[in-house]
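Tertiary structure, described
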Amino acid sequence: MSCANVLKGKHLYDALNIIGHVDKKGGPIVKSVLEACRKNGENKGYSEDRMFVKTAIVGKAIKMRKMDIKARGRTGIIKVPKSSITITLEERSPQDFYKMVMKGETPPGMAHTIRKMLYQNDADLETV
């Protein structure tokens, strides 16, 4: 099981926390891809507090084969591997957050986001 599969369905903050503590070789690579996804989402106008990892796919293929010339007329084939990582983030609405809270399915890092949403609403009411 790859370290990217652990991230599916997690909140962005929780996914970054989890992947930061993974001791596998691909952990830092997946973390850098996840950070790039977060920045791309912010540039497109998504809220960082409402981002969830929708899918995380790791692929492996053989990109190129080249000849390996050895001594005494022998040859071999060098297979150059290619790997790819695809992480898709989605933004969930406040109604989805409310449903998650009512079902008891909130991730650990969600309390900060819910508090922020509640206090923001309170600040809006005080200004009226």
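Because the structure is predicted, anything quoted here is derived from the model rather than measured.

Re the pairing of strand 2 (residues 75-91)
Pairing of strand 1 (residues 51-69) with strand 2 involves 17 bridges; the strand directions are antiparallel. In the sheet register, Phe52 faces strand 2, and the bridge partner there is Glu90. Where strand 1 folds back onto strand 2 in an antiparallel hairpin, the turn is made up of five residues, including Arg72, whose phi is positive at roughly 60°.

Examining the side chain of Asp49
Relative to the assigned elements, Asp49 resides in the loop between helix 2 (27-43) and strand 1. With a relative accessible area of 12%, Asp49 lands in the buried category.

Describing the pattern of salt bridges
Once the charged atoms of two side chains with opposite charge are near each other, the side chains can pair. Tallying each qualifying case throughout the model produces six salt bridges. Among the ionic pairs, Arg38 bridges to Glu48, the shortest N-O distance being 3.5 Å. Of this pair, Arg38 sits in helix 2 while Glu48 sits in the loop between helix 2 and strand 1; the two residues are ten residues apart in sequence, bridging distant segments of the chain. Arg92 is the partner of Glu90 in a salt bridge, and the nearest nitrogen-oxygen pair spans 3.3 Å. Its relative accessible area of 25% is what places Glu90 among the partly exposed residues.

Thoughts on the packing of aromatic side chains
For the structure shown, the criterion picks out zero aromatic pairs. Positioned above the aromatic ring of Phe52, the side-chain terminus of Arg92 is 4.1 Å from the ring centre.

Looking at the nonpolar core
With 14 residues, the main nonpolar core has Leu7, Val30, Leu34, Val53 and Ile87 as its most contacted residues. Those elements that place two or more of their residues in this core are helix 1 (12-20), helix 2 and strand 1. Every residue in contact with Leu34, bar those within four places of it in the chain, is listed here: Leu7, Leu12, Ala15, Leu16, Val53, Ile87 and Leu89.

A word on the confidence of the model for the chain
When pLDDT is averaged along the chain, the result is 86; 91% of the residues meet or exceed 70. Here helix 4 (residues 110-127) stands out as the element of the chain with the lowest mean pLDDT, 66, in contrast to helix 2, whose mean of 95 is the highest.

With respect to a nonpolar patch on the surface
Side chains of Tyr98, Val101 and Met102 sit close together on the surface and give an oily, nonpolar patch of about 340 Å² of accessible area. Considering the arrangement of structural elements, one finds Met102 in helix 3 (residues 94-103).

Thresholds, definitions, all that
Residues numbered from 1 in each chain as written. Predicted model: local features only at pLDDT ≥ 70, side-chain atom pairs only at ≥ 80, totals over all residues. Heavy atoms only, no water. Pairing = 2+ DSSP bridges. Helix = DSSP H or I, 4+ residues; strand = E, 2+ residues; numbered from the N terminus. Buried < 20%, exposed > 50% of the residue type's maximum accessible area, 1.4 Å probe, protein only. Salt bridge = Lys/Arg side-chain N within 4 Å of Asp/Glu carboxyl O. Phe/Tyr/Trp six-rings, centres within 6.5 Å; stacked < 30°, edge-to-face > 60°. Lys NZ or Arg CZ within 6 Å of the ring centre and 35° of its normal. Core = buried A, V, L, I, M, F, W, Y, C linked by side-chain atoms within 4.5 Å. Contact = heavy atoms within 4.5 Å. pLDDT = per-residue confidence, 0-100. Patch = residues over 30% accessible without salt bridge, like charges linked within 9 Å, V, L, I, M, F, W, Y side chains within 5 Å. Areas by Shrake-Rupley, 256 points an atom, 1.4 Å probe, with all protein chains shown as cover.

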